[in-house]
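# Descriptive analysis of the structure
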Amino acid sequence: MTLYDKSVAGRCAFSFSFEEDEARAESCIPDYARAGVKSLPEVSELDLVRHFTNLATVNYGVDTGFYPLGSCTMKYNPKINERLAADPRLTMRHPLDDVSENQGVLQMEYELKESLEEITGMDDFTLQPACGAHGELTGMLIIHAYMRDHDPRRTRVLIPDSAHGTNPASASMAGFQVVTVPSDERGGVDMEALDHLMDDTVAAIMLTNPNTVGLFDENITRISELVHARGGLLYYDGANLNALMGLIRPGDLGFDVVHLNLHKTFSTPHGGGGPGAAPVGVKQFLAEYLPVPIVVQRDGQYALDSDRPRSIGRMSAFYGNTGVLARAFVYIRMMGRDGLAAASRAAVINANYVKKLLAPYYPPAYDRPVMHETVLSAKGYDKYGVSLLDIAKRLMDYGYHPPTIYFPHFPPHAEEVMMIEPTESESRETLDAFCDALIRISKEAQEQPDLLLSAPHNTVVTRVNETYAARHLVTSQRDKKGIG
Ligand SMILES: *Cc1c(COP(=O)(O)O)cnc(C)c1O
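Just so it is clear, the structure is predicted and the values come from calculations on it, not from any experiment. (Residues numbered from 1 in each chain as written. Predicted model: local features only at pLDDT ≥ 70, side-chain atom pairs only at ≥ 80, totals over all residues. Heavy atoms only, no water.)

### Considerations on the layout of surface pockets
- The computed volume of the largest pocket comes to approximately 650 Å³.
- For the largest pocket, the lining is made up of 26 residues, of which V58, Y60, M396, T459 and V461 are closest to its centre.
- Of all the secondary structure elements, the ones that give two or more residues to the lining of the largest pocket are helix 2 (45-57) and helix 13 (388-397).
- Examining the composition of the lining of the largest pocket, we find that four residues originate from one element, helix 13, more than from any other.
- Its residues assigned to classes, the lining of the largest pocket shows 16 nonpolar, eight polar and two charged. (1 Å grid on protein atoms, 1.4 Å probe; cavity = no way out; pocket = protein on both sides within 12 Å on 5 of 7 lines; lining within 4 Å. Points joined across faces, edges and corners; volume = space filled by probe spheres on them. Helix = DSSP H or I, 4+ residues; strand = E, 2+ residues; numbered from the N terminus. Nonpolar A, V, L, I, M, F, W, Y, C, P; charged D, E, K, R; others polar.)

What follows is the structure, encoded as structure tokens:
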């Protein structure tokens, strides 16, 4: 029920007791009152409070339950991040204030850059990009500008078939032609195909390692040598660095450009359309192409350097999403070097633990140890008329957010795959209970498949037509009435 449905003419949540106050209130409003709004809901304060309090409880988030969404790293975001990012010494600053007044903010950004450089093995960073895909676009524009200056024949970018969908989109937006590299039977880059494709028209290869099936590509040094020897660069999609941070550095593996999703790896909130941040790191020879301004240190002061003639230009307003950067800064400082390494180890152990418990019921796509996530198949259940979608829906009845389903599209021999990322935040008890639920669902699929076909039953909204909303957009009350 919407607030409009609860509206009763004349009911009011708030009123002014004195006439002059009412006049004053009205004098404040005219600028903001929208013309043409015929009616607003008229409800009491209690109706209003109940409406929004109840709405807030039907949401599902990592603070309410386990959220094993593969590739998206829905790990817990410590509350101290929020506490410190809300400090008025940060929130009361404005980016248009003089740099001398914003020294603290700039120092925080400078030190965050230093930490990210140390974590990734890169030489310089921009903190501007606002999400992973935006970071990819930034990195690709940097490579594009570099190649324009050094080897303009290189107009193509190689991307493995297992890559996240944003990779080809970003490369293509930056002006490159995308060429797909197939995977081999172990789930890594097919070296023979790479050898064949890597010629003097290729500007770069974009890699995710561990890749989107959760596997570490053992050939990474050979890939790096081959691509560099033939004049190409290596781009690292580090959206999910939580398998490697503190243990292995992309810079040491030979990568020239890296983006990191702070909203995945470094415990800043994501989803819901809120702001994200995906800093991009580069090796020294590319630093002059980074977006301006760059936070630098000069004579004991922090400054914004915009004097970079080869820069690709701005990628966002001001310094980037400062409030988000502050949360990641707090997280990195709290964890320290050893803490980050311990988190990566826990992420990898948790994924392998889930894989091992579930393997008899949902066979892994690859029979190899995984990194921070595991891809399991539900193909065998088609003989009971049950699809992976039905299993995922049934999981909601057990109180879990379903994992990522039908992605990645690989490998072809294991269709109906779900990608589970338990993350480092979860306890063994949580993982046991989750696996128990999936094992019970496996039995239900065989004994009472109808239970799955009509699931979920215990949720506020039950089975929905997944594409109806996208095809029949309702953007206003009027549209809603139109549909009837
Ligand atoms: C999430 C993700 C991205 C895209 O990040 P957004 O912030 O959603 O734009 C890119 N690559 C990989 C591997 C990812 O998991």
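### Quick notes on the sheet that holds strand 12 (residues 417-420)
- Here we have three strands laid out as an open sheet, ordered 10-12-11, and antiparallel in their pairing. Strand pairing shows two members of the sheet lacking a second neighbour, strand 10 (374-377) and strand 11 (404-405), which therefore form its edges.
- As judged from the four bridges shared by strand 10 and strand 12, these two strands associate in the antiparallel manner. The residue bridging V375 from the neighbouring strand is M419, located in strand 12. (Pairing = 2+ DSSP bridges.)

### Concerning the environment of P456
- Considering the arrangement of structural elements, one finds P456 in the loop between helix 15 (449-453) and helix 16 (468-471).
- Taking the C-alpha atoms as reference points, P456 and M198, 258 residues apart in sequence, are found 48 Å from one another.
- Ignoring any residue separated from it by four or fewer positions in sequence, one finds P456 in contact with K393, M396, D397, V461, T462 and R463. (Contact = heavy atoms within 4.5 Å.)

### What to know about the environment of V179
- Assignment of secondary structure puts V179 in strand 3 (residues 177-181).
- Counting along the chain gives 23 residues from V179 to V202, while the straight-line C-alpha distance between them is 9.1 Å.
- Sequence-distant contacts of V179, defined by excluding residues within four places in its chain, comprise R156, V157, L158, I159 and L197.

### Some remarks on the environment of K356
- By secondary structure assignment, the location of K356 is in helix 12 (residues 322-358).
- Since its relative accessible area comes to 66%, K356 is described here as exposed.
- Sequence separation of K356 and P369 is 13 residues, and the distance between their C-alpha atoms is 9.5 Å. (Buried < 20%, exposed > 50% of the residue type's maximum accessible area, 1.4 Å probe, protein only.)

### Section: the packing of aromatic side chains
- Summed over the entire model, instances satisfying the criterion amount to 11 aromatic pairs.
- Grouping aromatic residues by their ring pairs yields a cluster made of F66, Y400 and F434. (Phe/Tyr/Trp six-rings, centres within 6.5 Å; stacked < 30°, edge-to-face > 60°.)

### A word on the site of the ligand
- As a structural note, the neighbourhood of the ligand is formed by 14 residues, with S71, G132, D237, H263 and K264 the closest of them.
- Between the ligand and the protein, one listed contact pairs a nitrogen atom with a side-chain N or O atom of D237 at 2.6 Å.
- Here N261 contributes a side-chain N or O atom positioned 3.0 Å from an oxygen atom of the ligand.
- Coverage of the ligand by the protein chains reaches 88% of its 380 Å² of free accessible surface. (Near = heavy atom within 4 Å. Polar contact = N/O pair within 3.5 Å; in protein donor to acceptor, adjacent residues only side chain to side chain. Areas by Shrake-Rupley, 256 points an atom, 1.4 Å probe, with all protein chains shown as cover.)

### Let's talk about the pairing of strand 2 (residues 156-160)
- Burial of strand 2 is extensive: five of the five residues sit out of reach of the surface.
- Here strand 2 shows a buried face lined by R156, L158 and P160 and a second buried face lined by V157 and I159.
- Pairing of strand 2 with strand 3, which is carried by five bridges, proceeds in the parallel orientation. Among the inter-strand pairings, P160 is bridged to a residue of strand 3, identified as V181.
- Read from strand 2 through helix 7 (residues 166-173) to strand 3, the crossover connection turns out right-handed.
- Alignment of strand 2 against strand 4 (residues 202-207), held across three bridges, turns out to be parallel. (Right-handed = clockwise from strand over helix to strand, strands pointing away.)

### Thoughts on the sheet that holds strand 2
- One open sheet accounts for seven strands, arranged 1-7-6-5-4-2-3; its pairing is mixed. Taken across any chain shown, the strands that pair with only one partner, and hence form the sheet edges, are strand 1 (124-126) and strand 3. Strand-to-strand twist of the sheet, defined as the mean angle between neighbouring strand axes without regard to direction, takes the value 25°.
- Examined bridge by bridge, strand 6 (residues 257-260) and strand 7 (residues 280-282) share three bridges and lie antiparallel to one another. Counterpart to V257 in the pairing with strand 7 is V282.
- Sitting on the sheet, helix 5 (residues 103-120) is in contact with strand 1 and strand 6, with an inclination near 120° to strand 1. (Axes fitted to C-alpha atoms, helices over the stretch in contact; angles between N-to-C directions.)

### Quick word on the packing of helix 6 (residues 132-150) against helix 7
- It is at 8 Å that the axes of helix 6 and helix 7 come closest, and there the two elements cross at 40°. One finds that helix 6 runs oblique with respect to helix 7. Where helix 6 crosses over helix 7, the two elements pack in a sense that is right-handed. Contacts between helix 6 and helix 7 involve A133, E136, L137 and M140 on the former and, on the latter, T166, N167, S170, A171 and M173.
- Among the residues forming the contact of helix 6 with helix 7, the class breakdown is five nonpolar, three polar and one charged. (Parallel < 35°, antiparallel > 145°, perpendicular 65-115°, else oblique. Left-handed = near helix turned anticlockwise from the far one by under 90°.)

### Brief notes about helix 5
- Between the first and last C-alpha of helix 5 there are 25 Å, a value that for 18 residues agrees with the 26 Å anticipated at 1.5 Å per step.
- With respect to burial, helix 5 is a largely interior element, 14 of its 18 residues being buried.
- Remark: G121 follows helix 5 within two positions and exhibits a positive phi of approximately 75°. (Expected span 1.5 Å × (residues − 1).)

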